[in-house]
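These are the residues of each chain, in order.
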Amino acid sequence: AQRHLNSLCEIVKWPAELLVRDGLSMLIEGSNRHISPISLKSFEQKRFPILNTGSGQAYLAWLKEPERRELISAALATTSAPQAFYADGEKTEQVFQTIRQTGYTLRDYDTPIEGTRLYSVPLLHQDGYPIAVLVLVTLRDVVSTVHFEEKLFPVLMQAAKEISRDFQKYSKFSTLLP
C-alpha cells in the first residue's frame, strides 16, 4: 500500500492516509505525510471512533445493511457522545445511499488545524465489501468540492483500486469475509 500512497502523493501533492476498521474504530495503518510537499499538522491520535469520522461513514456505507445496523448499534452502545446523525435510521440510510452514489465522503474539521477537509473513499473487495478507506487530507479553503471531483477524485479512486487489488492479491482477506 505504501508505494501507492507515495505515488498518489506525487500526483496530488496532498497527504493521504489509509485507515482500516479495528473493532468500533478506524485506525491509521499507512500515510504518505512524510513525503508530502504540503505539510499539514497531523491528528494526535491514530484511532478514531467509527461513528464520528468520514472514514467511518465511508466504510459503513458499503457494508450490507444488517451488518451496518449491527455495527452502528454496538458503537452507539459504547459512546456517551450524542449521535444525532444516527438517530433517524431512514435519514441515515439515505445519507449512506448518497455516499455510495458519489463514491466518497467529505468531512470538515477544525482540528488539528482550522479548515481541515477530508475526502474518504472506500477500498472495496471484488465482491463490494469494504476492506479499508483511503483519506485525502486537504484544506477546505484551498480544495473546492468541484476541484476534488474533477481533478483529485479520479486519482484517489485509482489509488484505492490499486491498493485494494494488491491487498487481495497478497493477503488471505478473502477467507475472512462473512
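Higher on the page you've got the structure.
Just so we're clear, the structure is a prediction, and the values are computed from it rather than from any experiment.

In terms of residue burial, strand β2 (residues 25-31) counts as a mostly covered element, since 6 of its 7 residues are buried. Note that strand β1 (residues 16-22) and β2 share 6 bridges and pair antiparallel. The residue of β2 that forms the bridge with Glu17 is Ser31. Bridge analysis of β2 against strand β3 (residues 47-49) gives 3 bridges, and the strand direction is antiparallel. Within the sheet, the bridge partner assigned to Ser25 lies in β3 and is Pro49.

So, on to the layout of surface pockets. In this approach, a probe sized like a water molecule rolls over the atoms, and the result shows the empty space that is left. Considering only enclosed or pocket space, the largest pocket measures out at about 210 Å³ in volume. Taken together, 17 residues form the lining of the largest pocket, with Phe43, Phe48, Thr53, Tyr109 and Leu118 sitting closest to its centre. Of all the secondary structure elements, the ones that give two or more residues to the lining of the largest pocket are β1, β3, α2 (54-61), β4 (105-109) and β5 (116-124). Here the lining of the largest pocket is built from residues that sort into 8 nonpolar, 7 polar and 2 charged.

Take helix α4 (residues 89-102) next. In an α-helix there are 3.6 residues to a turn, and that puts residues three or four apart on one side. The terminal C-alpha atoms of α4 lie 20 Å apart, and with 14 residues this matches the ideal 20 Å at 1.5 Å per residue to within 8%. Among the residues making up α4, those that are buried are Thr92, Glu93, Phe96 and Ile99. Angular distribution of buried residues about the axis of α4 spans 115 degrees; they occupy a single face of the element. Residues of α4 that are exposed and angled more than 90 degrees away from the buried face: Glu90, Lys91 and Gln101. Where the residues of α4 are buried, they touch α2, α3 (65-77) and β4.

Take the packing of α3 against α4 next. Running from amino to carboxyl end, α3 crosses α4 at an angle of 120 degrees, the nearest separation of the two axes being 13 Å. As the angle between them shows, α3 and α4 are arranged oblique. Every pair of crossing elements has a handedness; the one defined by α3 and α4 is right-handed. Two secondary-structure elements touch here, α3 through Glu65, Arg68 and Ile72 and α4 through Glu93, Phe96 and Arg100. Looking at the contact of α3 with α4 residue by residue, the classes come out as 2 nonpolar, no polar and 4 charged.

The final tally for this structure, using the stated rule, is 8 salt bridges. Between Glu65 and Arg69 there is a salt bridge whose closest N-O contact spans 3.4 Å. Note that Glu65 and Arg69 are positioned in helix α3 at a spacing of 4 residues, about one turn of the helix. The partner of Arg140 in a salt bridge is Asp110, with the nearest N and O atoms 2.9 Å apart.

Two numbers describe a pair of aromatic rings. These are the distance of the centres and the angle of the planes. All chains considered together, the criterion is met by 5 aromatic pairs. When the ring of Phe148 is compared with that of Phe153, the centres are 5.7 Å apart and the planes differ by 55 degrees; the resulting orientation is tilted. The rings of Tyr104, Tyr119, Phe148 and Phe153 are connected pair by pair, giving a single aromatic cluster.

Conventions adopted
Residues numbered from 1 in each chain as written. Predicted model: local features only at pLDDT ≥ 70, side-chain atom pairs only at ≥ 80, totals over all residues. Heavy atoms only, no water. Buried < 20%, exposed > 50% of the residue type's maximum accessible area, 1.4 Å probe, protein only. Helix = DSSP H or I, 4+ residues; strand = E, 2+ residues; numbered from the N terminus. Pairing = 2+ DSSP bridges. 1 Å grid on protein atoms, 1.4 Å probe; cavity = no way out; pocket = protein on both sides within 12 Å on 5 of 7 lines; lining within 4 Å. Points joined across faces, edges and corners; volume = space filled by probe spheres on them. Nonpolar A, V, L, I, M, F, W, Y, C, P; charged D, E, K, R; others polar. Expected span 1.5 Å × (residues − 1). Arc of directions from axis to C-beta. Contact = heavy atoms within 4.5 Å. Axes fitted to C-alpha atoms, helices over the stretch in contact; angles between N-to-C directions. Parallel < 35°, antiparallel > 145°, perpendicular 65-115°, else oblique. Left-handed = near helix turned anticlockwise from the far one by under 90°. Salt bridge = Lys/Arg side-chain N within 4 Å of Asp/Glu carboxyl O. Phe/Tyr/Trp six-rings, centres within 6.5 Å; stacked < 30°, edge-to-face > 60°.

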